[in-house]
Amino acid sequence: MAQLSAVDELATHFSPARGATPPSLAEAAAYCRQLARTHYENFTVASWLLPRNLRPHFYAVYAYCRSADDLADETGDPRASLAALDRWEDQLEGCYAGSPQHPVFVALRPTIDKFSIPRDPFERLLTAFRHDQRVRRYLTHEEVLNYCQNSANPVGRLILFLGRCHDERRCQLADSICTGLQLANFCQDVARDWAKGRVYLPQETLDRVGCAQDVFARGHASAAFRQAMELEVGRAETYLRAGEPLIELMPRGLQIDVALFVAGGLSILQAIRDVDFDVWRKRPTISRRRQLRLLWQSWWRTRRFARQEAPP
């Protein structure tokens, strides 16, 4: 089955011809696996340390999120994006009705059944992507948090379903990690978001330090801009640290990946600090060497948990 990458190619699967045969589960799974392995992300989505039996399910969930995000951001036209997201939601409805058509949903259907995943987290992500087409600025931190409840937190909830450990305590911790990761991404991608006409740094933070809007138009890391970034980086770290106890509460096979999510977010925040908050000049990223170190540190941390749990 040919790999679909461009938005227009992806869209051809929204309305399959009458009587068209959906891809087989094997073809759909291969599509999702390829999509997950070829898309660059700051944080490991489905590392090679995941239990083998969970990998196809992580790939399917990732493919849903990644494809919806691409449809929202890569059309270049808010009206076209909203229409594409509506068609994507139609595909989601068909999936839950038992008649998936698009390869993502053919792969996702067994995952939904196996782990009893409700529609809510999938729908909340679409709510966030639609919100991006209509809202370009945020006045308060509370408004940004409300956005994160739909744009980031559902991903953590989905992981909890895959780990069969979805409960109130873990949901609270997962929300904190996912919000922290989203805030870290906003800090990392100030320049990219500005190019799309969006500013996720809350206006109240900019006003607090006297940061004028013209620094965005000029791409200038003024002293006030750096102060605003320092505040938002610190805020993101607070959320990540608050969610760290989730690592020990996850099933053994998922602990290292959650540890990597947290470590990756904290590493991005440190990379922003290392460039003195000047995210205009160069987008802060994690080097390959640093990624390998994070992997080792996360593995060692989870091994320590295992030793502490072992009977004497």
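Worth saying up front: this structure is predicted, and the values here are computed from it rather than measured.

Turning our attention to unusual backbone geometry. Although it is not a glycine, Ser116 sits at a positive phi angle of roughly 50°. Relative to the assigned elements, Ser116 resides in the loop between helix 5 (103-115) and helix 6 (120-134). Assessed through its relative accessible area of 57%, Ser116 is described here as exposed. You will see that Asp276, though not glycine, has its phi angle at about 55°, which is positive. Summarising the element assignment, Asp276 is placed in the loop between helix 15 (252-274) and helix 16 (288-309). Given a relative accessible area of 42%, Asp276 falls into the partly exposed group.

Turning our eyes to something else, we now look at the nonpolar core. Within the largest apolar cluster, 93 residues are counted, with the highest numbers of intra-cluster contacts made by Tyr64, Phe216, Phe225, Met229 and Ile272. Filtering out sequence-adjacent residues up to four positions away, Tyr64 remains in contact with Trp88, Leu92, Val104, Phe105, Leu108, Phe122, Glu123, Leu125 and Leu126.

Let's shift gears to the packing of aromatic side chains. Applying the stated criterion to the full structure yields 14 aromatic pairs. Between Tyr64 and Phe105, the ring centres sit 5.8 Å apart and the planes meet at 80°, which makes this aromatic pair edge-to-face. A residue pair is termed long-range when its members are at least 10 positions apart, and Tyr64 in helix 3 (residues 55-73) and Phe105 in helix 5 qualify at 41 residues. On the accessibility criterion, Tyr64 (0% relative accessible area) is buried. Note on Phe105: relative accessible area 0%, which makes it buried. Ring centres 4.0 Å apart and planes at 0° place the aromatic pair Phe186 and Tyr200 in the stacked group. Of this pair, Phe186 sits in helix 9 (residues 168-188) while Tyr200 sits in the loop between helix 10 (190-195) and helix 11 (203-209); the two residues are 14 residues apart in sequence, bridging distant segments of the chain. Grouping residues by exposure puts Phe186 and Tyr200 together as buried. The structure contains a cluster of three or more aromatic residues connected by ring pairs, namely Tyr64, Trp88, Tyr96, Phe105 and Phe122. The ring of Phe115 has Lys114 sitting right over it, with the charged end atom 5.9 Å from the ring centre.

On to the packing of helix 6 against helix 8 (residues 153-162). For any two helices packed against each other, the geometry is given by the interaxial angle and the distance between the axes. At a minimum axis separation of 9 Å, helix 6 and helix 8 run at an interaxial angle of 160°. Between helix 6 and helix 8, the crossing angle belongs to the class labelled roughly antiparallel. Of the two possible hands of crossing, helix 6 and helix 8 adopt the one that is left-handed. Taking contact as the criterion, the partners of Pro121, Phe122, Arg124 and Leu125 in helix 6 are, on helix 8, Asn153, Pro154, Val155 and Leu158. Its residues assigned to classes, the contact of helix 6 with helix 8 shows six nonpolar, one polar and one charged.

Within this structure, the stated rule accounts for 19 salt bridges. For Arg241, the salt bridge identified is with Glu237, shortest N-O distance 3.3 Å. Within this pair, Arg241 and its partner Glu237 are both found in helix 13 (residues 223-243), separated by four residues, close to a single helical turn. A salt bridge links Arg273 to Glu237; the shortest N-O distance between them is 2.7 Å. Here the residue Arg273 occupies a position in helix 15, and Glu237 occupies one in helix 13, the gap between them amounting to 36 residues. Using a relative accessible area of 29% as the deciding quantity, one classes Arg273 as partly exposed. Salt bridges sharing common partners tie together Glu237, Arg241, Glu244 and Arg273.

Definitions and cut-offs
Residues numbered from 1 in each chain as written. Predicted model: local features only at pLDDT ≥ 70, side-chain atom pairs only at ≥ 80, totals over all residues. Heavy atoms only, no water. Helix = DSSP H or I, 4+ residues; strand = E, 2+ residues; numbered from the N terminus. Buried < 20%, exposed > 50% of the residue type's maximum accessible area, 1.4 Å probe, protein only. Core = buried A, V, L, I, M, F, W, Y, C linked by side-chain atoms within 4.5 Å. Contact = heavy atoms within 4.5 Å. Phe/Tyr/Trp six-rings, centres within 6.5 Å; stacked < 30°, edge-to-face > 60°. Lys NZ or Arg CZ within 6 Å of the ring centre and 35° of its normal. Axes fitted to C-alpha atoms, helices over the stretch in contact; angles between N-to-C directions. Parallel < 35°, antiparallel > 145°, perpendicular 65-115°, else oblique. Left-handed = near helix turned anticlockwise from the far one by under 90°. Nonpolar A, V, L, I, M, F, W, Y, C, P; charged D, E, K, R; others polar. Salt bridge = Lys/Arg side-chain N within 4 Å of Asp/Glu carboxyl O.

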